[in-house]
Amino acid sequence: MRKVWCLSCVWVALLWVAIACQPNALPPTALAPTPSPTASPQKTLHFQVHRWQRSIVYTLLIPAQSRFSVTLALAPSVDTLEGFAQKHQAIAVLNGGFFDPQNRQSTSFVVLQEKLVADPRQNPRLIHNPDLAPYLDQIFNRTEFRHYRCGETSRYEIARHQDPLPTGCRLVEALGGGPRLLPELTAVPEGFVTLVNGQVSRDPLGSRRANARTAIGLTADHSIVWVMAAQKPDDPDHSGLSLQALAEFMQSLGVEQAMNLDGGSSSSLYYQGKTRYGKVNDRGQPVQRPVKSVLLVSERS
């Protein structure tokens, strides 16, 4: 009897281990531990919700060499993420580069179909702003997300605007933003932060404060990771992420190259018919602001 009882215990223990190891053991709405994108063999989109420091963070993993493509879009004026999704038949949409909400012109470079379609040097409110005059050279050389065509293959990279193209590659698309987050934060050389005697004298992004943020990154296997960090409705004044915290979060996902995109009221992510907004007002309600440029995920034709 003792031997039979022990064998039964072994079988029960093995059964519990098997159940615990089943995929999708957590319900879809649960906040699951974040797997490293570099370790994932899947070829489908992977959407997750995370709690990280004082933020609710939404991520979308677009695996390399999958049936999905990442492209860009630019609105003639501005548009909602739902509007972009409907127009371009996109599965997912992420807000993109910086723009001036008053004249609705881009303050970031955008390249579509190998043509420069948005040029911040043509934005009068940018180039004629005396406060920005000392930083224009840095502003015009900020970080961008690039899509190359290299022979018969496509490549994505995060680089500065004036960086040369890889040999044998054409620049198909590019979306300006900044600063670079990984492998290092470059807010100072890109003109987002000014230091005087080692102290911050200018920081228009509030880079050290918690806020709604948007970013894009690349893993070692060339998968693309979208990130949208949202404020908490019950704590709008103290939630969100700083740029350094955003970089640390993306590094925890296995991201090796990353860049910041337009944040604050622009932060938003559309996926499967629903838009998540990053910024909340003092009543905890989401701030919904149309944007100028976006990234899109669609199935390859």
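The shown structure was predicted, so the numbers you read here are calculated from the model rather than taken from an experiment. (Residues numbered from 1 in each chain as written. Predicted model: local features only at pLDDT ≥ 70, side-chain atom pairs only at ≥ 80, totals over all residues. Heavy atoms only, no water.)

J.: Can you break down helix α2 (residues 81-88) residue by residue, with the values?
T.: Listed as buried for α2 are Leu81, Gly83, Phe84 and Ala85. In this fold, the buried residues of α2 make contact with β3 (68-79), β4 (92-95), β16 (268-271), β17 (274-277) and β18 (291-299). (Buried < 20%, exposed > 50% of the residue type's maximum accessible area, 1.4 Å probe, protein only. Helix = DSSP H or I, 4+ residues; strand = E, 2+ residues; numbered from the N terminus. Contact = heavy atoms within 4.5 Å.)

J.: So, the packing of aromatic side chains: which residues are in play, and what are the values?
T.: Taken as a whole and judged by the stated rule, the model has 6 aromatic pairs. An angle of 10° between the planes, with centres 5.5 Å apart, marks the rings of Phe145 and Tyr156 as stacked. Here the residue Phe145 occupies a position in strand β7 (residues 143-150), and Tyr156 occupies one in strand β8 (residues 153-160), the gap between them amounting to 11 residues. Clustering of aromatic rings is evident, with ring pairs tying together Phe47, Tyr58 and Tyr271. Its end group placed over the ring of Phe192, Arg142 keeps NZ or CZ at 3.6 Å from the ring centre. (Phe/Tyr/Trp six-rings, centres within 6.5 Å; stacked < 30°, edge-to-face > 60°. Lys NZ or Arg CZ within 6 Å of the ring centre and 35° of its normal.)

J.: Account for the pattern of salt bridges, naming residues and giving values.
T.: With the rule as written, the count across this model stands at 6 salt bridges. Between Asp100 and Arg125 there is a salt bridge whose closest N-O contact spans 2.5 Å. Of this pair, Asp100 sits in the loop between β4 and β5 (110-112) while Arg125 sits in helix α3 (residues 124-127), and the two are 25 residues apart along the sequence. In this structure, the salt-bridge partner of Arg146 is Glu144, at a minimum N-O distance of 2.8 Å. By relative accessible area, Arg146 is classed as buried at 2%. (Salt bridge = Lys/Arg side-chain N within 4 Å of Asp/Glu carboxyl O.)

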